[in-house]
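Architecture and fold: a report
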Amino acid sequence: MKIATWNVNSLKVRLEQVLYWLEVSNCDVLALQELKLDNDNFPKNIFIEKGYHVIFNGQKTYNGVAIISRYPILDPEYDIPNYDDIQKRVIAGTINGIRIICAYVVNGENVNSDKYIYKLNWLDQFKRYNENNLKVTDRLIVLGDYNIAPEDRDVYNPIEWKDKVLCSIPERKHFKELLELGLYDSFRLFNQNNQQYTWWDYRNFAFKRKLGLRIDHILISESIKKIATECIIDTVPRNNERPSDHTPVVLTITTY
DNA sequence: ATGACGAAATTTTTTCGA
């Protein structure tokens, strides 16, 4: 079973790329972020006609998340419970007995902004949510755009990015605390190399020059770790015409 | 150089993302 995350930066613009990638990647579950459209404009029928199950939590212009699946999606949940957040950043469902949480973590703009405060508060709530989910299931996958580069090796120029948003110590502490709950950064179970990025700025030929950050992640619980066989970053879609600035991350697990 | 590139609404300019 293949489970992937992809920040598409407008599903309207990227719909054909998403449909094509679903076919060629042989992916079973795809978590999408930054739909940038409301629920009324979500192209639900296009996915259903192709045999997918789909749940979505959209918002006009900003944010918006969805899960596309070849298998039925049970117990859908929208947003973080008991957290009054107007922004649509979380959606969850159970697929083949695995609880799947798709998240679009706050960007934070810069470390002196109100949005950064919101990011840190949001991450507090997200931690509580994951802690509670781990109390009720040991089969958990938490994937999405975390907007955090966990370590210096996840950054093309750690000196330039030191203490900047996406790399600051408080953000990295939040990421580490998620791992301390009993989650694993699945990509790092299989790949220890530098320059393994999931996002590249549109400007200044950043992708061609390999100037990126690893900010999209697939975190997995202990039970999923035991059946995980591979986690890769698929950089192919970043070469598309009108690409998203993010590219998919794909986890493979064995299921019986 | 509070810029660049790309998307969307606020639309021929501004706001936001990373």
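To keep things clear, this report deals only with the structure shown in the data block.

Parameters and conventions
- Residues numbered from 1 in each chain as written.
- Chains lettered and ligands numbered in written order.
- Predicted model: local features only at pLDDT ≥ 70, side-chain atom pairs only at ≥ 80, totals over all residues.
- Heavy atoms only, no water.
- Helix = DSSP H or I, 4+ residues; strand = E, 2+ residues; numbered from the N terminus.
- Rg over C-alpha atoms; globule rule 2.2 N^0.38 Å.
- Buried < 20%, exposed > 50% of the residue type's maximum accessible area, 1.4 Å probe, protein only.
- Contact = heavy atoms within 4.5 Å.
- Areas by Shrake-Rupley, 256 points an atom, 1.4 Å probe, with all protein chains shown as cover.
- Lys, Arg positive; Asp, Glu negative; His and termini not counted.
- Charge placed at Lys NZ, Arg CZ, Asp CG, Glu CD.
- Core = buried A, V, L, I, M, F, W, Y, C linked by side-chain atoms within 4.5 Å.
- Pairing = 2+ DSSP bridges.
- Axes fitted to C-alpha atoms, helices over the stretch in contact; angles between N-to-C directions.
- Phe/Tyr/Trp six-rings, centres within 6.5 Å; stacked < 30°, edge-to-face > 60°.
- Lys NZ or Arg CZ within 6 Å of the ring centre and 35° of its normal.

Next up on the list: the overall build of chain A. When helices and strands are tallied, chain A shows seven helices and 14 strands. Taken over the C-alpha trace, chain A has a radius of gyration of 17 Å; the compact-globule value for 256 residues is 18 Å, and the two agree within 12%. Summarising its shape, the C-alpha atoms of chain A cover approximately 45 × 45 × 35 Å along the three principal directions. Classification of the 256 residues of chain A by burial places 56% in the buried group. Taking the intrachain contacts of chain A between residues at least 6 apart in sequence as the baseline, contacts between residues at least 24 apart amount to 68%. Accessible area for chain A stands at about 12100 Å²; split by element, carbon and sulfur atoms hold 48% of it. Taking the average location of the 33 positive side-chain charges in chain A and that of its 34 negative ones, the two points are 3 Å from each other.

Here the focus is the nonpolar core. Ile3, Ile67, Ile100, Ile141, Leu251 and Ile253 are the most contacted members of the largest nonpolar core, which totals 27 residues. In terms of residue count, the dominant contributor to this core is strand β7 (residues 98–104) (four residues). Residue contacts for Ile253: discarding those within four places in its chain leaves Met1, Ile3, Ile98, Ile224, Ile227, Ala228 and Thr229. Trp21, Leu30, Phe56 and Ile68 belong to the second largest nonpolar core, which has 22 residues in total.

Moving on, we get to the sheet that holds strand β8 (residues 140–145). A sheet is described by the order of its strands in space; here six strands give the open sequence β5-β6-β7-β8-β12-β9, paired in mixed fashion. Strands at the two margins of the open sheet, each flanked by one partner only, are β5 (74–78) and β9 (183–185). Neighbour-to-neighbour, the strand axes of the sheet open up by a mean angle of 20°, direction not taken into account. Sheet topology places β8 next to strand β12 (residues 216–221); five bridges connect them, and they run antiparallel. Bridge assignment links Ile141 to a residue of β12, and that residue is Ile220. The strands touched by helix α3 (residues 114–136) are β5, β6 (90–95), β7, β8, β9 and β12; relative to β7, the strand with the most contacts, the crossing angle is about 175°.

A few words now on the packing of aromatic side chains. As enumerated under the stated definition, the model contains eight aromatic pairs in all. Of the aromatic side chains, those joined through ring pairs into one cluster are Trp122, Phe126, Tyr146 and Phe175. Its end group placed over the ring of Tyr184, Lys225 keeps NZ or CZ at 4.4 Å from the ring centre.

Glancing now at the sheet that holds strand β1 (residues 2–7). What the six strands build is an open sheet, ordered β3-β4-β2-β1-β14-β13; its pairing is mixed. The open sheet has two free edges, formed respectively by β3 (53–57) and β13 (228–233), since each of these has just one partner strand. Each strand of the sheet is rotated relative to its neighbour by a mean of 10°, with strand direction disregarded. Taken together, the five bridges between β13 and strand β14 (residues 249–253) define a ladder with antiparallel strand orientation. Bridge assignment links Ala228 to a residue of β14, and that residue is Ile253.

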